[in-house]
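Structure assessment
Next come the chains, spelled out residue by residue.
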Amino acid sequence: MLHARDFVLRGETFGGMVVHLPTDRVLRVNHTAFAFLRHYFEDLPDPLARLSLLYPRTGRERLQRDYEGMVRYLEAWVAGEHPEKDAVAVKAHHADGPLSAPTEVFWEITWKCNLRCRYCYNHSGERTVEELTTGECQDLIQQWQCLGVYKAIIGGGEPFLREDFLEILEMLEAASIIPIVISNGTLIDEQMAARLKRLRWLRLSISLDGPTAEVNDAIRVSSDGFRRVQSALAALRKAGMPFTLQAVVTQINQHCLADLAEFARQEGATSLEYRRLHAFGRSRGEHLAVGREEMEELDGQLERISASYPAKFLNHEGLVPMRYAQGKPYQGNDCPNDTCSVNCGPGRHNCGLTPDGRIIACSYLSDADWQGPSIREMPFSELWRTAKPLIQFRSLSAAELPEYCRKCVFFGEECRGGCRANAYIRAGDWFGHDPDCPYSEFRD
């Protein structure tokens, strides 16, 4: 049985999107399938009567067959099965353009922080702005709900430093928006863990960079951070609140990644994600990044120990940049991929928001030069349509990138020009090559 409370339905020019909140999965469907599902979830006594008004030239028998086929298709999809392609035509055909609103927003809800992580990309703990009030957050969340935004990835700073943060999480829950919270965990006690457990859609990720205080606290610059995180993990286990762990791989902790995996298992994490350090913000002066060859070796080690853990427990896919091209000779097409869209999604299906409500395209580009207006100045829908940072990402043409980049066989389906933030911050060229590209020697 499918329950309306488990889904978010959102119309688009190509038809619509169906979001299954418990699994965080999205199905894009055509106009007819979307109309069927809207009527199904409205729980009408006779949905076919309403559909007959929408499709007067289609007989009731055909409508009933297609309607029931759509419901079976959705049930199979929710169950993780692969529905029969000929069961009913549901798949949408759409252009690679911006959606009517973002599907997810990277919300830096505060830049206040009780730690001083040496790799912090946005200098948290050093920046102060007039943060959105509780009322402004509530209005923003209501706007998101109306637009069909279904995911808020919340970081900072340390989100739990906001006294109203649990209240904000409850607002997101009520609006059927999935909050993915990234926290250092040091402020979570038993009482807070019990309240977090009551939030059905919450996904909680705790940042921890070492299996010992010596390693973790050296990276995250704290005298007792490791002890406090261990206390938080115990409180989460007691409350039955699931959590994941994530660690940024640096020169300081690269020797103990296997030990960290075992620590994560013993502490009851549902998974552990190893993340690559991006040389942005505070990390630019620290020189903590692991070299490419060393990272490839670490990646291989993690692949070997993964067999000792449950499937998908260890995630290290992002450690090696442009993994699909590593160890392969450069191959170019005769014609450049000038019509492909460029970037990983900013301005098309996601964006970011600063603590004072200013829209940004990418969390790595949050300085004043890359900030748009604030939700204090105009509705979020208008920001999404008109903000300069988003337009700058949307209007970026593949033809403006280096020719060797556009001709690369990986450009269209994999790379899309690499990370623009990486090119701008590290190489100083918005239209330049991504410094992490293994084919940089071919650059113009």
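Residues numbered from 1 in each chain as written. Predicted model: local features only at pLDDT ≥ 70, side-chain atom pairs only at ≥ 80, totals over all residues. Heavy atoms only, no water.

Overview of the overall build of the protein
Our working definition: Numbering goes from the N terminus for both helices and strands, where a helix is a DSSP run of H or I of at least four residues and a strand is a run of E of at least two. The reference for a compact globule is 2.2 Å times residues^0.38; the radius of gyration itself is calculated from the C-alpha atoms. Residue exposure (1.4 Å probe, protein chains only): buried if accessible area is under 20% of the type maximum, exposed if over 50%, otherwise partly exposed. Accessible surface area values rest on a Shrake-Rupley calculation with a 1.4 Å probe, where residue burial reflects the displayed protein chains alone. The sign given to each residue is positive for Lys and Arg and negative for Asp and Glu; His and the chain ends receive no count. For charged residues, the charge sits on one atom: NZ in Lys, CZ in Arg, CG in Asp, CD in Glu.
Counting its regular elements, the protein contains 15 helices and twelve strands. The C-alpha radius of gyration of the protein comes to 23 Å, within 12% of the 22 Å expected for a compact globule of 444 residues. Seen along its three principal axes, the alpha-carbon backbone of the protein occupies a region of about 70 × 60 × 50 Å. Here the protein holds 444 residues, and 53% of them are scored as buried. Roughly 20900 Å² of accessible area belongs to the protein as shown, and the carbon and sulfur atoms make up 48% of that amount. The average position of the 51 basic charges and that of the 61 acidic charges among the side chains of the protein differ by 3 Å.

A word on unusual backbone geometry
For the bond from G156 to G157, the omega torsion is 10°, close enough to zero to count as cis. Here G157 is to be found in the loop between strand 5 (151-155) and helix 5 (165-174). Here the phi dihedral of H123 falls at roughly 55°; this positive angle occurs in a residue that is not glycine. Within the secondary structure, H123 sits in the loop between strand 4 (104-108) and helix 4 (134-147). Take H123: its relative accessible area is 29%, and that puts it in the partly exposed class. If you check the backbone angles, K312 has positive phi at about 65° while not being a glycine. Note on placement: K312 falls in the loop between helix 10 (292-305) and strand 10 (314-315). Among the residues examined, K312 registers a relative accessible area of 78% and is labelled exposed.

Description of the state of the cysteines
Selection rule: By definition, disulfides here are pairs of cysteine sulfur atoms that lie within 2.5 Å.
Scanning all chains against the criterion turns up zero disulfides. Considering cysteine sulfurs only, C117 is the nearest to C120, which forms no disulfide, with 6.6 Å between them. Taking relative accessible area as the criterion, C120 reaches 12% and is therefore assigned buried. Residue C419 stays outside any disulfide, its sulfur separated by 6.0 Å from that of C362, the closest cysteine.

Quick notes on the environment of S271
Let me state the cut-off plainly: The contact rule is simple, with two residues in contact once any of their heavy atoms fall within 4.5 Å.
Here S271 is to be found in the loop between helix 9 (257-267) and strand 9 (272-276). Look at S271 and you get buried, because its relative accessible area is 18%. Each residue touching S271, except ones within four places of it in the same chain, is listed here: F243, T244, L245, K312 and F313.

Re the UniProt feature "domain: Radical SAM core" (unreviewed entry) in the protein
Our working definition: UniProt positions are given in the numbering used here, feature names are shortened, and annotations may be inferred rather than shown by experiment.
Summarizing the sequence annotation, UniProt attributes the feature "domain: Radical SAM core" (unreviewed entry) to residues 99-312 in the numbering used throughout. Here residues 99-312 runs as 37% helix and 15% strand, with 30 Å between its end C-alpha atoms.

Here's the deal with the nonpolar core
Our working definition: In this description, a nonpolar core means a group of buried Ala, Val, Leu, Ile, Met, Phe, Trp, Tyr and Cys residues linked to one another through side-chain atoms lying within 4.5 Å. Where each domain begins and ends is defined by an automated method or by a domain database.
Residues W107, W144, I188, L196, L204, L236 and Y274 are the most contacted members of the largest nonpolar core, which totals 91 residues. Residue-level mapping places this core at the junction of two domains, with at least three residues from each of domain 2 (104-395) and domain 3 (396-443). In this structure, W107 is in contact with L132, C137, L140, W144, I153, I154, G155, I168, L353 and T354, ignoring residues within four places of it in sequence. Listed in part, the 20 residues of the second largest apolar core include L2, F36, Y67 and V71.

Here's the deal with the packing of aromatic side chains
For clarity, the threshold we go by: Aromatic rings from Phe, Tyr and Trp, with only the six-membered ring used for Trp, were paired whenever their centres fell within 6.5 Å, and each pair was classed as stacked if the ring planes differed by under 30 degrees, edge-to-face if by over 60, and tilted otherwise. Either the NZ atom of lysine or the CZ atom of arginine qualifies as a charge over a ring when it sits within 6 Å of the ring centre and within 35 degrees of the ring normal.
Tallied over the entire structure, the rule returns 18 aromatic pairs. Centroid distance F7 to F41: 4.8 Å. Interplanar angle 35°. Geometry classified as tilted. Taken together, the residues span a long stretch of sequence, with F7 in strand 1 (residues 7-12) and F41 in helix 1 (residues 31-41) at a distance of 34 residues. Judged by centre distance (5.1 Å) and plane angle (75°), the rings of Y40 and F41 are edge-to-face. Among the aromatic residues, ring-to-ring pairing joins F7, F36, Y40, F41, Y55 and Y67 into one connected group. If you follow R127 out to its NZ or CZ, it ends over the ring of W111, 3.6 Å from the centre.

Remarks on the sheet that holds strand 5
Heads up, the condition is: Between any two strands, at least two bridges found by DSSP are needed for them to pair. Interaxial angle, 0 to 180 degrees, is taken between N-to-C directions of lines fitted to C-alpha atoms, where a helix line uses only the stretch in contact.
The strand order across the open sheet built from nine strands is 10-9-8-7-6-5-4-11-12, with neighbouring strands paired in mixed fashion. Strands with a single pairing partner mark the edges of an open sheet, and in this sheet they are strand 10 and strand 12 (359-360). Across three bridges, strand 7 (residues 203-207) lies against strand 8 (residues 244-249) in parallel orientation. Bridge pairing links S205 to T244 in strand 8. Across the sheet, helix 9 touches strand 8, strand 9 and strand 10, and the angle it forms with strand 9 is around 145°.

Remarks on the domain arrangement of the protein
Many analyses report the size of an interface as the accessible area lost when the parts associate. Spelled out, the test is: When two components associate, each loses some accessible surface as probed by a 1.4 Å sphere; the sum of these losses over both components is called the buried area.
Structurally, the protein comprises domain 1 (4-79), domain 2 (104-395) and domain 3 (396-443). For domain 1 versus domain 2, the distance between C-alpha centres works out to 34 Å. Counting residues at the interface gives ten residues for domain 1 and ten residues for domain 2. Interface of domain 1 and domain 2: buried area, both sides summed, is about 910 Å²; carbon and sulfur atoms make up 56% of it. If you sort the residues of domain 1 by the area they bury against domain 2, R10, L21 and D24 come out on top, with a joint share of 53%.

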